[in-house]
Amino acid sequence: MVKVKILGISGTPIKDGNCGKMVRESLKACAELDDVETEFITLTGKEIVTCKHCQWCIENMSPCKIKDNAYPIYDRIAKSDGLILGSPTWFNTLSPFLLNFFSRARYIAFFTHDFRNKPVSLSTLGLLGYGLDNAISVMKDVVWCMNVIPVAAA
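Please read these numbers as outputs of a predicted model, since none were measured by experiment.

Quick notes on the rules
- Residues numbered from 1 in each chain as written.
- Predicted model: local features only at pLDDT ≥ 70, side-chain atom pairs only at ≥ 80, totals over all residues.
- Heavy atoms only, no water.
- Phe/Tyr/Trp six-rings, centres within 6.5 Å; stacked < 30°, edge-to-face > 60°.
- Helix = DSSP H or I, 4+ residues; strand = E, 2+ residues; numbered from the N terminus.
- Buried < 20%, exposed > 50% of the residue type's maximum accessible area, 1.4 Å probe, protein only.
- Core = buried A, V, L, I, M, F, W, Y, C linked by side-chain atoms within 4.5 Å.
- Contact = heavy atoms within 4.5 Å.
- Pairing = 2+ DSSP bridges.
- Right-handed = clockwise from strand over helix to strand, strands pointing away.

Enquirer: Before we move on, could you go through the packing of aromatic side chains and cite the residues and values that matter?
Expert: Tallying each qualifying case throughout the model produces six aromatic pairs. Ring centres of Tyr71 and Tyr74 lie 4.8 Å apart, and the angle between their planes is 85°; this geometry places the pair in the edge-to-face category. You can see Tyr71 and its partner Tyr74 sitting in helix α3 (residues 70–79), three residues apart, about one turn around the helix. With a relative accessible area of 15%, Tyr71 lands in the buried category. The buried category is assigned to Tyr74, whose relative accessible area is 1%.

Pasting the structure below:
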């Protein structure tokens, strides 16, 4: 039987924080299913430069010229069968770390479509529940640009 590969990404700068724990627990539930393989990646400590919208990737039809930790993670997404994305809610919206990570994937969105039709679960958490709905809405908007299919949100 073919194994299904689920990749969980925690979009927080806080090492071993609640967001990472939330994504790991989701992956743990997936791993209990037959023929499911899981992998966890955190953006904590990763160097992911902010997109400057310089158009280099578009004009050259080539991956971003900036060499940092973003594209190795994009490769892991491309090789997965589904995603679990987690991000804390800050100031009633998505934290900038996950948003910044996906902003650098313009080449993939426009030219390779490597993320197309991947199912994704979107998760967030925050202090006293303020802004969680808005953060999920922003996450849906971000993954929609990548042609990823949100199948669950919490």
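Don't stop here, the text continues.
Enquirer: Outline the nonpolar core, supporting the account with residue identities and numerical values.
Expert: Formed by 31 residues in total, the largest nonpolar core has its most connected members in Ile9 and Phe101. Listed by contribution, the elements that provide at least two residues to this core are β1 (4–10), α3, β3 (82–90), α4 (96–103), α5 (106–112), β5 (119–125) and α6 (132–145). Of the residues forming this core, the biggest block, five residues, is contributed by α3. Look past the residues within four positions of Ile9 in its chain and what remains in contact with it is Val23, Ile41, Leu43, Ile73, Ile77, Ile84, Leu85, Gly86, Leu98 and Phe101. Ranked by size, the runner-up nonpolar core spans six residues in total, among them Ile6, Val23, Cys30 and Val36.

Enquirer: Go over the pairing of strand β2 (residues 36–42), please, and point to the residues and values.
Expert: Summarising the sheet, β1 and β2 pair through seven bridges and their orientation is parallel. Bridge pairing links Ile6 to Thr38 in β2. Between β1 and its parallel partner β2, the chain crosses via helix α1 (residues 18–31), and the hand of that crossover is right-handed.

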